[in-house]
Protein chains: 2
Amino acid sequence: MNPIEHIAQQFAAQNYKLTSQREAIVQVLLDNEKDHLSVEEVYMIVKHSYPHLGLATVYRTLELLTELHIVEKMNFGDGVARYDLRGDEQAHMHHHLICNVCGKLEEIKDDWLVDLESRLEREYGFTVTDHRLDFKGSYNSCKSTGCKKDKECKAVS
Amino acid sequence: MNPIEHIAQQFAAQNYKLTSQREAIVQVLLDNEKDHLSVEEVYMIVKHSYPHLGLATVYRTLELLTELHIVEKMNFGDGVARYDLRGDEQAHMHHHLICNVCGKLEEIKDDWLVDLESRLEREYGFTVTDHRLDFKGSYNSCKSTGCKKDKECKAVS
DNA sequence: TGCTTATTTCGTAACGATTACTAATTATCA
DNA sequence: TGATAATTAGTAATCGTTACGAAATAAGCA
């Protein structure tokens, strides 16, 4: 089953319709899976395939996708909400490196925290459903080569 | 040296003055060290000791305290910035538990991530200067007793 | 002490992201 | 088809935050 079909099923399961507008927005997220797009960015991109789509619809759709746990809403302190598609299995394996020099945001998928989470269960009586782990710092290569000019670097702040 | 004096030194070291308004704001933070106050909350509290203090001054002062690394600015997804005094040594030992049931926010000080951070250094060539680790989930006691009525629980969202 | 200059504060206007609202459009289904 | 519900578009309103100009306060110096 391709990703769109899978998402369509998740919509149907909760009695929501995957309209053409919503599908266009989801497609933008799929096409930019590596990024953490803001509403405005999604809006600009989706306009290419769906010129008449309204900004409020992007807000509403991303909110709905968040409720359905198809995307994760995040905030990196730059004043705008950012959204990230997330596979069901990745909830506990999704971390970030944020470079102070170039602003690049790298996503890391690893199961670093499972031990900690079972420890929270034991020692704090706290059952973890989700977590967030961001590291701020700098790539050693950035510090030496002045990576600010690198076009690959996309600042988030 | 008491905390206010220590902070006064940090101000002086960067050629800023610890005015009476700034001192009143810092005192509010010291008095509520366990909480993560928003600007509006600081504003409401500081009015008791300094009725004429303006909202913009609270914004400016908290911004300045952030620059001086005396407080940490955080965002828990409830649409407002929150601020937390932080000791110099705590940068890498400062995590959160956020309860989905009652909204309580618990602060945990532990050195859980030092191993991970040295691993990032080795495997990613990334030097960590700061991190953020939030766990969302629920206290087992909350789930069973309906902790929403507990006055200790302070919602953040 | 007085004068000058820089810093800080105050109140409010402006800004930008987000939400709310109304009318229009589209889908559902009896 | 016709009635009802869901969705969208466009825009006004809201809310947290920032910017701005004028007034107040502090610092430097003759």
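Procedures and definitions
- Within each chain, residues carry numbers counting from 1 in the order of the written sequence.
- Here every chain gets a letter starting at A, and every ligand a number starting at 1, in the order they are written.
- In keeping with the predicted nature of the model, local features appear solely for residues at pLDDT of at least 70, side-chain atom pairs appear and are counted solely at 80 or more, and the whole-chain, interface and lining totals rest on all residues.
- Note that the side-chain values use all heavy atoms of the structure and ignore hydrogens as well as water.
- Pairing between two strands is assigned when DSSP locates at least 2 bridges connecting them.
- Helical segments are the DSSP runs of H or I of at least four residues, strand segments are the runs of E of at least two, and each set is numbered from the N terminus.
- A fitted line through C-alpha atoms represents every axis, and for helices the fit uses only the stretch in contact; the resulting angles, taken between N-to-C directions, go from 0 to 180 degrees.
- We call a residue near a molecule or strand as soon as one heavy atom of that residue lies within 4 Å of the molecule or strand.
- What qualifies as a polar contact is a pair of N or O atoms within 3.5 Å, subject to a donor-acceptor requirement within protein and to the restriction that residues adjacent in sequence count only when both atoms come from side chains.
- Following the grouping adopted for this structure description, the nonpolar residues are Ala, Val, Leu, Ile, Met, Phe, Trp, Tyr, Cys and Pro, the charged ones are Asp, Glu, Lys and Arg, and the polar ones are all others, Gly among them.
- For this analysis, a salt bridge means a side-chain nitrogen from Lys or Arg found within 4 Å of a carboxyl oxygen belonging to Asp or Glu.
- Only protein chains enter the accessibility calculation, which uses a 1.4 Å probe; a residue is then buried when its area is under 20% of its type maximum, exposed when over 50%, and partly exposed in between.
- Only Phe, Tyr and Trp rings are paired, with Trp represented by its six-membered ring, and only when their centres lie within 6.5 Å; those with planes under 30 degrees apart are stacked, over 60 edge-to-face, the remainder tilted.
- A ring is scored as having a charge over it whenever the NZ atom of a lysine or the CZ atom of an arginine sits within 6 Å of its centre and within 35 degrees of its normal.

S.K.: Can you tell me about the sheet that holds strand 4 (residues 95–99) of chain B, naming the residues and giving the values?
M.R.: Two strands in a sheet stick together by hydrogen bonds in their backbones, pointing the same way (parallel) or opposite ways (antiparallel). As summarised here, the arrangement of the six strands in space is 5(A)-4(A)-6(A)-6(B)-4(B)-5(B), forming an open sheet in which the pairing is mixed. Of all the strands in the sheet, the pair left with one neighbour each is strand 5 (105–108) of chain A together with strand 5 (105–108) of chain B. Sheet twist, expressed as the average angle between the axes of neighbouring strands with direction ignored, equals 20°. The sheet contact formed by strand 4 of chain B and strand 6 (residues 126–139) of chain B spans five bridges and is parallel.

S.K.: If you had to explain the protein's contact with DNA strand D to someone new, which residues and values would you point to?
M.R.: Looking at DNA strand D, there are 17 residues lining it, with T19, Q21 and T57 of chain A together with Y59 and A81 of chain B nearest. The side chain of Q21 of chain A places a nitrogen or oxygen atom 2.9 Å from a sugar or linking oxygen of DNA strand D. Between R22 of chain A and DNA strand D, the recorded distance is 3.2 Å, taken from a side-chain N or O atom to a phosphate oxygen. Secondary-structure elements contributing two or more residues to the surface near DNA strand D are helix 2 (20–31) and helix 4 (55–67) of chain A together with helix 4 (55–67) of chain B. Top contributing element to the surface near DNA strand D by residue count: helix 4 of chain A, with three residues. Of the residues belonging to the surface near DNA strand D, the class tally is seven nonpolar, six polar and four charged.

S.K.: Before we move on, can you summarise unusual backbone geometry with the specific residues and values?
M.R.: The backbone phi angle of H69 of chain A is positive, close to 60°, even though this residue is not glycine. Relative to the helices and strands, H69 of chain A is located in the loop between helix 4 and strand 2 (71–75).

S.K.: Outline the pattern of salt bridges, supporting the account with residue identities and numerical values.
M.R.: Across all of its chains, the model carries 16 salt bridges over all chains by this definition. Linking K109 of chain B and E107 of chain B is a salt bridge whose minimum nitrogen-to-oxygen distance equals 2.8 Å. Using a relative accessible area of 43% as the deciding quantity, one classes K109 of chain B as partly exposed. Across the pair D134 of chain B and R132 of chain B runs a salt bridge whose closest N-O atoms are separated by 2.8 Å. Each of the two residues, D134 of chain B as well as R132 of chain B, counts as buried. A single salt-bridge network, built from bridges that share partners, covers E41, D78 and R82 of chain A.

S.K.: Explain the protein's contact with DNA strand C to me, using residue names and the numbers behind them.
M.R.: Lining the immediate surroundings of DNA strand C are 17 residues, of which Y59 and A81 of chain A together with T19, T57 and R60 of chain B lie closest. The sugar-phosphate share of atoms of DNA strand C within 4 Å of the protein amounts to 72%. The separation between a sugar or linking oxygen of DNA strand C and a polar side-chain atom of K17 of chain B is 3.3 Å. In this structure, a phosphate oxygen belonging to DNA strand C sits 2.6 Å away from a side-chain N or O atom of T19 of chain B. Contributions of two or more residues to the surface near DNA strand C are made by helix 4 of chain A together with helix 2 (20–31) and helix 4 of chain B. It is helix 4 of chain B that contributes the most residues to the surface near DNA strand C, three residues altogether. Classifying every residue of the surface near DNA strand C gives seven nonpolar, six polar and four charged.

S.K.: Provide a residue-level description of the packing of aromatic side chains, including the pertinent values.
M.R.: For any pair of aromatic rings, the description rests on two quantities: the centre-to-centre distance and the angle between the ring planes. Throughout the structure, instances matching the rule amount to four aromatic pairs over all chains. Ring centres of W112 of chain A and F135 of chain A lie 6.5 Å apart, and the angle between their planes is 75°; on these two criteria the pair is classed as edge-to-face. Taken together, the residues span a long stretch of sequence, with W112 of chain A in the loop between strand 5 and helix 5 (114–124) and F135 of chain A in strand 6 (residues 126–139) at a distance of 23 residues. Residue W112 of chain A is classed as buried on the basis of its relative accessible area, which comes to 11%. Note on F135 of chain A: relative accessible area 0%, which makes it buried. Above the plane of the ring of Y139 of chain B lies K104 of chain B, whose end atom (NZ or CZ) is 5.5 Å from the centre.

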